[in-house]
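# Chain and residue survey
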Amino acid sequence: MRKEEKNTQYKARTLVMAFTMLMLMIVVVLLTIRLIKSDKENQRHLKAVNSLEKNNDKLGQASASYESMVADLNNKVLELESQKEQMSVRNQELESMVGQSGIKEKPDENEKVVFLTFDDGPSNLTPEFLKVLNSYGVHATFFVTYQPQHEAVYKQIVENGNAVQIHTATHDYDSVYQSVDAYLADFNQVYEYVCNVTGKRPGYFRFPGGSTNSYGKSVVRDIARTMKERGFDFVDWNVSVGDGSAAATKDSMVQKITAESEGKNHVVMLAHDSGAKSETLAALPQIIEYYKNNGYSFKVIDGNVDISFAQFIDY
């Protein structure tokens, strides 16, 4: 019996050990499989990381290329802006040379042209005149006086596409017509102001009362010649709305410009935009419609336009 018990115990131990070994082998196999899977996953992750790094490199190169393109474009914009400034300066130089040379461009004889002009402003009514002009898509020329309280209006005149020219600073007949020097001093005051405020350099002026006014008979030709030498030309008119008279009405103005414009291809129309000229403002739509309906184009007095047809005197 002892021998059989020993054999039985031996067999039991052998079975336990075999089972244990089997379990260990299973564990090893499972671990090995897991390691293999983990390695494959690591390799897949590594490939993904490598792919991302390559994409990042490509993005970095694309970004660098884009930045280079932006820098090139910015440089090109700066270059074009510089060329634009140079061309603007050159244009101003050419305009100045043309003005100093006395060369003027005459309107086409067969073209119907009207130059609407307004004197004595700017005033509190001038923005209303500008609104009417804008509503019809036309422009005018404003012969201004020195009114620093209306600085914004000078700018608005130019910003709206109109021309600004000079009508003396004070509009004081007794003062400006004392002598050539007195006129120049008055002119220079408003001229420098307009240049500083608007950035424009006027090339034309209008005598208070026109070139045939009774106050300046003895001096206007000398003034005109001196101003011509300095590059400025004067402008009178060949049609007037007649608003210099306090009795003028909207209807009388429309009738007057209709009669005076008859048979004229080239018109320089005189009106005023000072604070008391509400009747002129009321007449302006009908005045514009008259010229539009009769085939006139609207231009401004600027640059090198020849307005000698609307000058009262030779000099």
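Further up the page is the structure itself.
Parameters and conventions
Residues numbered from 1 in each chain as written. Predicted model: local features only at pLDDT ≥ 70, side-chain atom pairs only at ≥ 80, totals over all residues. Heavy atoms only, no water. Axes fitted to C-alpha atoms, helices over the stretch in contact; angles between N-to-C directions. Helix = DSSP H or I, 4+ residues; strand = E, 2+ residues; numbered from the N terminus. Left-handed = near helix turned anticlockwise from the far one by under 90°. Contact = heavy atoms within 4.5 Å. Nonpolar A, V, L, I, M, F, W, Y, C, P; charged D, E, K, R; others polar. Buried < 20%, exposed > 50% of the residue type's maximum accessible area, 1.4 Å probe, protein only. Arc of directions from axis to C-beta.

### Some remarks on the packing of helix 7 (residues 250-261) against helix 8 (residues 278-293)
- One way to put it is that helix 7 packs onto helix 8 with a least axis distance of 8 Å and a crossing angle of 35°. The two elements helix 7 and helix 8 meet at a crossing, and its hand is right-handed. Contacts between helix 7 and helix 8 involve Lys250, Met253, Val254, Ile257, Thr258 and Ser261 on the former and, on the latter, Glu279, Thr280, Ala282, Ala283, Gln286, Ile287, Tyr290 and Tyr291.
- Of the residues belonging to the contact of helix 7 with helix 8, the class tally is eight nonpolar, four polar and two charged.

### Remarks on helix 3 (residues 151-159)
- Turning to helix 3, its buried residues are Val153, Tyr154, Ile157 and Val158. Projected down its long axis, helix 3 carries its buried residues within an arc of 140°, all on one side. In helix 3, the exposed positions angled more than 90 degrees off the buried face are occupied by Ala152 and Glu159.
- On its buried face, helix 3 sits against helix 2 (126-136), strand 2 (141-144), strand 3 (163-166) and helix 5 (180-198).

### Let's talk about unusual backbone geometry
- Following Gly121, the chain continues into Pro122 via a peptide bond in cis, with omega recorded as 0°.
- In this structure, Pro122 sits in the loop between strand 1 (113-119) and helix 2.
- Here Thr168, not a glycine, exhibits a phi torsion of approximately 70°, which is positive.
- By secondary structure assignment, the location of Thr168 is in the loop between strand 3 and helix 4 (173-176).
- Thr168 sits in the buried class, given a relative accessible area of 0%.
- Although it is not a glycine, His171 adopts a positive phi angle of roughly 60°.
- Its location among the elements puts His171 in the loop between strand 3 and helix 4.
- The partly exposed category is assigned to His171, whose relative accessible area is 23%.

### Concerning helix 2
- For helix 2, every residue scored as buried is listed here: Thr126, Pro127, Phe129, Leu130, Val132 and Leu133.
- Elements in contact with the buried residues of helix 2: strand 1, strand 2, helix 3, strand 7 (266-272) and helix 8.

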